[in-house]
Amino acid sequence: MDPKYGFNAVERKIQQRWAKQDCFTVNDDDPRPKYYSLCMWPYPSGDLHVGHLRNYAIGDVWARHKRMLGFNVLQPMGWDAFGKDAELKANKLGVHPAKWVKQNTANMRRELKELGFMIDWNRELNASNLKYYRWEQLLFVRMWEQNLVYYEPTKVLWDKATKTVTSRRDIDDGKVAKEDIEIKVMPAYLMRLREYANQLLDGLTQVNWPEKIIKDQQYLIGRSEGMTLHFALVGNAPVDALEVYTTRPDTICGVTYMAVAASHPLAQAAASDNPKLAKFCTQCEQTLPMDAGNPHTEKQGMPLDFTVVNPVSGKHVPVWVADYVVDDYGSGALMGVPAHDERDFKFATRYQIPIIRVINLDQQDPHRPITQAETSSGIAVNSGELDGLDLKGCVSKLEEMLGPDKARRDYGLSLRDWPINRHMYWGTPIPIVICSDCGRVPVPEHQLPVSLPNDFKHGPQALADHPDFAFCPCPRCGAKARRETDTMDTFVNSAWYFARFTCPDNSTQMIDNRAKRWLPCDHYFGGDEHAQGHLVYARFIHKVLRDLGLYPKGCGDEPFQALLCQGMVLGADGKKMSKSQDNTIMAKHILDCYGADTARLYIIGMGNPKDAYPWNEEHVKDHAMFLQNLWQLALKRRDQIAAGKEQKLAPELQLNLNKILNNIDRNLRDQHLNNLVFGGIHSIRNLIRDNADSAAMQYQGFMHLLKVMNLICPHIAEELWQQLGFEGLVIDSAWWPALTDADLHSATTVFVVQVNGKRRDQFEAPFDTDATELLELAQQRPNIARYISGKQIAKSKVIRQGNSHGLIFFALR
Ligand code: ANZ
Ligand code: ZN
């Protein structure tokens, strides 16, 4: 064995050994219980950065541990290779996106292999591969037939810079400038997420996910409980009543105005002969949704010539059009209660609309002035028949007073249906044919797939102008027709990849019976930037696949049982890594300088997986040094290790080792993986180093140390495992059995013996000696025998005080 540890040679050699022995291939029929551990598949940006490294290193610790616990572990990998980002990037470089993807995936695959992740590469998927996306087209067709996807005009955020539809998320992240956004109404293919809203909410109680992510999902779905109320219009109006949704019907007597969205029939009627109002309405329609909901931005409005009557107080209040009323929420209208809603308060203050308190807290003066919106709930005041009631009481009272036509319990939902078409080339073609007679006709299943043509010109019209792609006969009437030339959002690709990993090679079926064996995923790992979008889409499609019978029965209602969202790796300057800050670190850099094991050891030891930490190159060097020293220690102790195999570990050393192993188990359970490095690996190393005279410690210590190291720095662990004479491969070795109470306490107990209440002796006995035996042992001791011989024992008893101390009593007659 080389006295100096050369990571390059060792890592290459071990990777070849794993490959030769086919260690990472997962067999569907393996009799062990299954465990599906999944890391989010990457967008093939070019090189792995240290954020990828962290994600996959965490997932690999988990997967390797489950394997050692006796599970048949599936850990697959693939490429989120379709989509806008890839197309724009390839365009910029002047290469075909397919070529760009091919180069990048080759590079990233090599890096992932060099990092030694336990990935079953036989199952690799690529979203841009026809063998993958053809099934997405089948799913689309089935959804279309079941009316789970439909085509309708909808409001979209249009990015003028890239001439594509964009998302709120990209704006929030600064990927798209707010100035470039225009709100457009465009026809879109929409998936019926809202229909699944309640299931998506309920499912959150079945999963073991971080509290924060559950909250994010709940926020996105945004279900609120409230009432829909009718306010009759007075005088000449195009409709009889104005309907509003409110979560605070208890504030109804505080309504001092009503507000409608610009597209509401009342606003449109008023604007038809009022150019100033018409202009204002057009302007309102450009309000971004994030600004409408924000109580801190300025709110604008114009009064309409309509008045309504409050059904409880009988008061007349004016109707306004306001830019903060969202047209596709509730009924596109609201009752303004400035005393108790922040946005209404801002609006009323600006336009000098009265503010009336109708909710009081803690029996304070009900007429005290309002200086800001008081949004907490309380008891109704200044509200006639509602006075003295809380929210619940008001709801019942309103139902009773107004009847179901004018007041009914209702709920609100922020979740929108999902527009999935993109005006891009690089995506799954939407399998729809547009016929002037038949309308939008889905491509019949036997005509699928619709493959994406390989030749393309840069630009938004890539498919629309494509002579072979753009035209085809109508599948229904045979007339000359046009293909849909939009492609699917990349989030559709990633909404079902976890299922396809269970049967990636099936060329006749989207998902086969093997899915039942693997689904749901037992653990999912990824960044929390996907807390809202991806996770909601994937959960939705999982339920759709179930409902459409595209899954075998028994795949579960939720796709991901447990979830860990790792924190970010920040630049050395503590800022988010980004090209513009010039603080990004690529995995290749540490791979080349220090090797895979050091890279992994550093990234796992960095800190709690959930939190963000800045990059620290000095720490990387410390870890490299640690491995170097450990190698040399192992080398020095090799003979003792061999000798120690047949020896028993001294009880106190055994106890010390057990305590460390137990901590490791606890930290794995709690996902404090960073503690495996210092509390685990370092502690065992210390025990080995400091007990050079115990051959048994050398043997036991190294055996356990290498098992832990197999999770984090598997190459050096595998090499030392063999060099030190342990059997087989460490990756296939078994984890230790869970430690019991008895393992964690000293092996012997000291018993004090009392006779008639006086201490007469003490002795040590193995911790687990039973009471009868202890009493016998005590009586045999000369010091005790002296007192009790010839006398009758009236009572005897063993009392344990923890595991290290105990008392034995004898009471004589
Ligand atoms: C009166 C009221 C009084 C309200 C009060 C709140 C507090 P969530 O919780 O998100 O469901 N609202 C109703 N329709 C709206 C629309 N189309 N655009 C913008 N706002 C709308 O929000 C429900 C509340 O948002 C409703 O309850 C309504 O204001 C407003 F002290 O009604 B509330
Ligand atoms: Zn037709």
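Residues numbered from 1 in each chain as written. Chains lettered and ligands numbered in written order. Predicted model: local features only at pLDDT ≥ 70, side-chain atom pairs only at ≥ 80, totals over all residues. Heavy atoms only, no water.

Visitor: Describe the sheet that holds strand E5 (residues 149-159), with residues and values.
Guide: The strand order across the open sheet formed by four strands is E6-E5-E7-E17, and the pairing between neighbours is antiparallel. Sheet topology places strand E6 (164-166) and strand E17 (418-419) at the edges, where each strand pairs with a single neighbour. Bridge count for E5 against strand E7 (residues 181-191) is eleven bridges, and the pairing is antiparallel. Bridge assignment links Val149 to a residue of E7, and that residue is Met191. (Pairing = 2+ DSSP bridges. Helix = DSSP H or I, 4+ residues; strand = E, 2+ residues; numbered from the N terminus.)

Visitor: Report on the nonpolar core, specifying residues and quantitative values.
Guide: Ranked by internal contacts, the top residues of the largest apolar core, which has 185 residues, are Phe498 and Trp615. Contacts of Phe498, omitting those with residues within four sequence positions, involve Tyr36, Leu38, Leu519, Cys521, Ala538, His542, Tyr551, Pro559 and Phe560. Counting 40 residues, the second-largest nonpolar core is a separate cluster that includes Leu242, Cys284, Ala333 and Leu386. (Core = buried A, V, L, I, M, F, W, Y, C linked by side-chain atoms within 4.5 Å. Buried < 20%, exposed > 50% of the residue type's maximum accessible area, 1.4 Å probe, protein only. Contact = heavy atoms within 4.5 Å.)

Visitor: Describe the sheet that holds strand E24 (residues 521-527), with residues and values.
Guide: Strand order in the open sheet made by the four strands is E2-E1-E24-E25, with parallel pairing throughout. For this open sheet the edge positions go to strand E2 (72-74) and strand E25 (560-566), each flanked by a neighbour on one side alone. Sheet twist, expressed as the average angle between the axes of neighbouring strands with direction ignored, equals 20 degrees. (Axes fitted to C-alpha atoms, helices over the stretch in contact; angles between N-to-C directions.)

Visitor: A description of the pattern of salt bridges should follow, citing residues and the corresponding values.
Guide: Tallying each qualifying case throughout the model produces 42 salt bridges. The partner of Asp28 in a salt bridge is Arg514, and the shortest N-O contact between them spans 3.6 Å. Residue Asp28 is located in the loop between helix H1 (7-20) and strand E1 (34-39), and its partner Arg514 is located in helix H17 (residues 514-518); the two are separated by 486 residues in the primary sequence. Exposure remark for Asp28: the relative accessible area of 15% places this residue in the buried category. Residue class for Arg514 comes out partly exposed when judged on its relative accessible area of 23%. One salt bridge in this structure joins Arg248 and Asp250, with 3.0 Å as the shortest N-O distance. Here the two residues Arg248 and Asp250 agree in accessibility, since each one is buried. Salt bridges sharing common partners tie together Asp28, Asp120, Arg123, Asp505, Asp512 and Arg514. (Salt bridge = Lys/Arg side-chain N within 4 Å of Asp/Glu carboxyl O.)

Visitor: Mind laying out the site of ligand 1, listing which residues take part and the relevant values?
Guide: Around ligand 1, a shell composed of 18 residues is seen, among which Ser224, Thr246, Val326, Tyr329 and His340 lie nearest. At 2.7 Å, a side-chain N or O of Thr246 approaches an oxygen atom of ligand 1. For ligand 1, whose unbound accessible area comes to 640 Å², protein coverage reaches 85%. Mapped by element, the contributors of at least two residues to the shell around ligand 1 are strand E9 (241-246) and strand E13 (333-336). Tallied by class, the residues present in the shell around ligand 1 amount to nine nonpolar, six polar and three charged. (Near = heavy atom within 4 Å. Polar contact = N/O pair within 3.5 Å; in protein donor to acceptor, adjacent residues only side chain to side chain. Areas by Shrake-Rupley, 256 points an atom, 1.4 Å probe, with all protein chains shown as cover. Nonpolar A, V, L, I, M, F, W, Y, C, P; charged D, E, K, R; others polar.)

Visitor: Describe helix H19 (residues 587-594), and please don't skip the residues or the numbers.
Guide: Along H19, the residues classified as buried are Ala587, Ile590, Leu591 and Tyr594. The buried side chains of H19 occupy one side of the element, clustering within an arc of 105 degrees when seen end-on. Looking one or two residues beyond H19, the residue adopting positive phi is Gly595, at roughly 95 degrees. (Arc of directions from axis to C-beta.)

Visitor: Now, about empty space enclosed by the protein: what can you tell me, with residues and values included?
Guide: Per the stated rule, a full pass over the model turns up three cavities of 30 Å³ or more. Its volume calculated, the largest cavity comes out at about 50 Å³. Forming the walls of the largest cavity are Val156, Val165, Met186, Pro187, Ala188, Pro419, Asn421, Arg422 and His423. Of all the elements in the fold, those that place two or more residues in the lining of the largest cavity are E7 and strand E18 (421-422). In terms of residue count, E7 provides more of the lining of the largest cavity than any other element does, three residues in total. Among the residues making up the lining of the largest cavity, the classes are represented as six nonpolar, two polar and one charged. Around the second largest cavity, the lining residues are Cys39, Tyr56, Gln75, Pro76, Met77, Phe117 and Ile119. (1 Å grid on protein atoms, 1.4 Å probe; cavity = no way out; pocket = protein on both sides within 12 Å on 5 of 7 lines; lining within 4 Å. Points joined across faces, edges and corners; volume = space filled by probe spheres on them.)

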